[in-house]
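In case you want the letters, here they are:
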Amino acid sequence: MPTKARKCSDSNRLADPAAWLRLEQEIGRSLPADCKAIVDAYAPVQLNGHLSLSSHPACAWRNLGEEIRSDAEGWNEWRAWEEDDLEPDADPRVICNRPQIAFGTPDGLIPLAGTDQGAAVFLAPEVHGYSDGIVVQGSEGDWTGHPMDFAEWLYRCLVGEEMAGRGSAEVYGPGRGM
């Protein structure tokens, strides 16, 4: 029996375990509890005008599953970065300990968020040996791995650390809106 997606509003920001279960079955992997809790509490939202958590799995008009599928499809088609001569510490294959990178798959990068500066934020199965870490492709095409939970990454981003690519601390640092 199909379930009805909810219209998301401030008065309707409740966890929906069934929606998360459907999404996780669809992408073939569990999402970290901290990420789900933050999305449940706030998404869809643009934090301080810069970082977008733009959808929720139970939201009819901004469905996270649809957004992940669409973004992953685009990333899987655009693979120009693979031709770049990347340093090992800036190569997502090295960062994630994978021979190749796929998007939207159980063993690949799951699109989670983006910034108004063009950075893309992904959940990775592994970042420098850390399970469920964060990988960012910055606005200049630079790749960075963050071996930490989503909540820690988000906190560091919001307090002005360089977490969304080169130069992001200058854009998002204290007193600059993020």
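Residues numbered from 1 in each chain as written. Predicted model: local features only at pLDDT ≥ 70, side-chain atom pairs only at ≥ 80, totals over all residues. Heavy atoms only, no water.

Novice: Describe the nonpolar core, and please don't skip the residues or the numbers.
Specialist: The biggest cluster of nonpolar side chains holds 28 residues, and the ones touching the most others in it are L112, I134, F150 and W153. Those elements that provide at least two residues to this core are α1 (17-27), α2 (33-42), β2 (51-53), α3 (64-77), β3 (110-115), β4 (120-127), β5 (130-137) and α5 (150-158). In contact with L112, not counting residues within four places along its chain, are C35, S52, L53, V121, F122, L123, I134 and F150. Core analysis: the next-biggest nonpolar cluster, separate from the first, contains 14 residues, W75, W81, I95 and A120 among them. (Core = buried A, V, L, I, M, F, W, Y, C linked by side-chain atoms within 4.5 Å. Buried < 20%, exposed > 50% of the residue type's maximum accessible area, 1.4 Å probe, protein only. Helix = DSSP H or I, 4+ residues; strand = E, 2+ residues; numbered from the N terminus. Contact = heavy atoms within 4.5 Å.)

Novice: Tell me about the pairing of strand β6 (residues 143-146), and please be specific about residues and values.
Specialist: Both β5 and β6 contribute to a ladder of four bridges, which runs antiparallel. Considered in β6, the bridge of I134 is made with H146. Here β5 folds back onto β6 in antiparallel fashion, the turn holding five residues, of which G141 has a positive phi close to 90 degrees. (Pairing = 2+ DSSP bridges.)

Novice: Go over the packing of aromatic side chains with me, naming the residues and quoting the values.
Specialist: For the structure on display, the rule yields seven aromatic pairs. Ring geometry for W75 against F122: centres 5.1 Å apart, planes inclined by 85 degrees, an arrangement best described as edge-to-face. Placement of W75 in helix α3 and of F122 in strand β4 is noted, with a sequence separation of 47 residues between them. Through successive ring pairs, a cluster of aromatic residues spans W75, W78, F103, F122 and W143. (Phe/Tyr/Trp six-rings, centres within 6.5 Å; stacked < 30°, edge-to-face > 60°.)

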